[in-house]
Amino acid sequence: MQNSRILVMVSRLLFPFVVMFGLYIIVNGSLSPGGGFQGGAILATAILTTFFAQPTRTLKIKKIILLEKLLFLLMVVLLLAGYFLGGEFFMNLTRSPWLPFSLSSYLVFLNLLIGLKVALGLTAIVYVFYEEVR
């Protein structure tokens, strides 16, 4: 299947803007509507748009799935660390007076983890469906 050059050029042109918008949604998720899931879905859209514009390219799906599993493991470790160190799940571990972080930076970090995990997960799901049909 041959895609038009216009589709390829437009997808390349829009890619950085869509990634920037997805990261904006993730970073501002603790202050406004949005967050990790919505921003992750936008990031997955950016990745998949460039993939579908050039279907001859392949994604390293095993690495994507491995990275998604590692992000999930990191989220579980943060959940358990907060519980065992402070008695609450997902407790703000940066509350120490000697660290320059605040609650909002911890929430941004958690939103970033969730956003990357969602982006990788949605990319993997759509890619596997695409390969199954092809």
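Heads up: the structure comes first, above all this text.
Read on for an overview of the structure. (Residues numbered from 1 in each chain as written. Predicted model: local features only at pLDDT ≥ 70, side-chain atom pairs only at ≥ 80, totals over all residues. Heavy atoms only, no water.)

1. Considering the overall build of the protein
Here's step 1: On a plain count of helices and strands, the protein comes out with four helices and zero strands.
Here's step 2: The secondary structure elements of the protein, listed N-terminal to C-terminal, are α-α-α-α.
Here's step 3: In the protein, which comprises 134 residues, the proportion classed as buried is 34%.
Here's step 4: For the protein, restricting intrachain contacts to residue pairs at least 6 apart in sequence, the fraction spanning at least 24 positions comes to 67%. (Helix = DSSP H or I, 4+ residues; strand = E, 2+ residues; numbered from the N terminus. Buried < 20%, exposed > 50% of the residue type's maximum accessible area, 1.4 Å probe, protein only. Contact = heavy atoms within 4.5 Å.)

2. Here's the deal with the side chain of Glu68
Here's step 1: Structurally, Glu68 is set in helix α3 (residues 61-86).
Here's step 2: Not counting the four nearest positions on each side in its chain, Glu68 is found in contact with Lys117, Leu120 and Gly121.

3. A look at a nonpolar patch on the surface
Here's step 1: On the surface, a cluster of nonpolar side chains totalling about 620 Å² of accessible area is made up of Leu66, Leu67, Leu70, Leu73, Leu74, Val77 and Phe109.
Here's step 2: If you tally residues by element for the nonpolar patch, the top one is α3, at six residues.
Here's step 3: Positionally, Leu67 belongs in helix α3. (Patch = residues over 30% accessible without salt bridge, like charges linked within 9 Å, V, L, I, M, F, W, Y side chains within 5 Å. Areas by Shrake-Rupley, 256 points an atom, 1.4 Å probe, with all protein chains shown as cover. Salt bridge = Lys/Arg side-chain N within 4 Å of Asp/Glu carboxyl O.)

4. Describing the pattern of salt bridges
Here's step 1: Tallied over the entire structure, the rule returns one salt bridge.
Here's step 2: The residue Lys117 makes a salt bridge to Glu68 at a minimum N-O spacing of 2.9 Å. Here Lys117 is found in helix α4 (residues 103-133), whereas its partner Glu68 is found in helix α3, with 49 residues between them in sequence.

5. Some points on the nonpolar core
Here's step 1: Ranked by size, the top nonpolar core spans 13 residues in total, and within it Leu78 and Leu113 carry the most contacts.
Here's step 2: Of all the secondary-structure elements, those providing two or more residues to this core are α3 and α4.
Here's step 3: Contacts of Leu113, omitting those with residues within four sequence positions, involve Leu71, Leu74, Met75 and Leu78. (Core = buried A, V, L, I, M, F, W, Y, C linked by side-chain atoms within 4.5 Å.)

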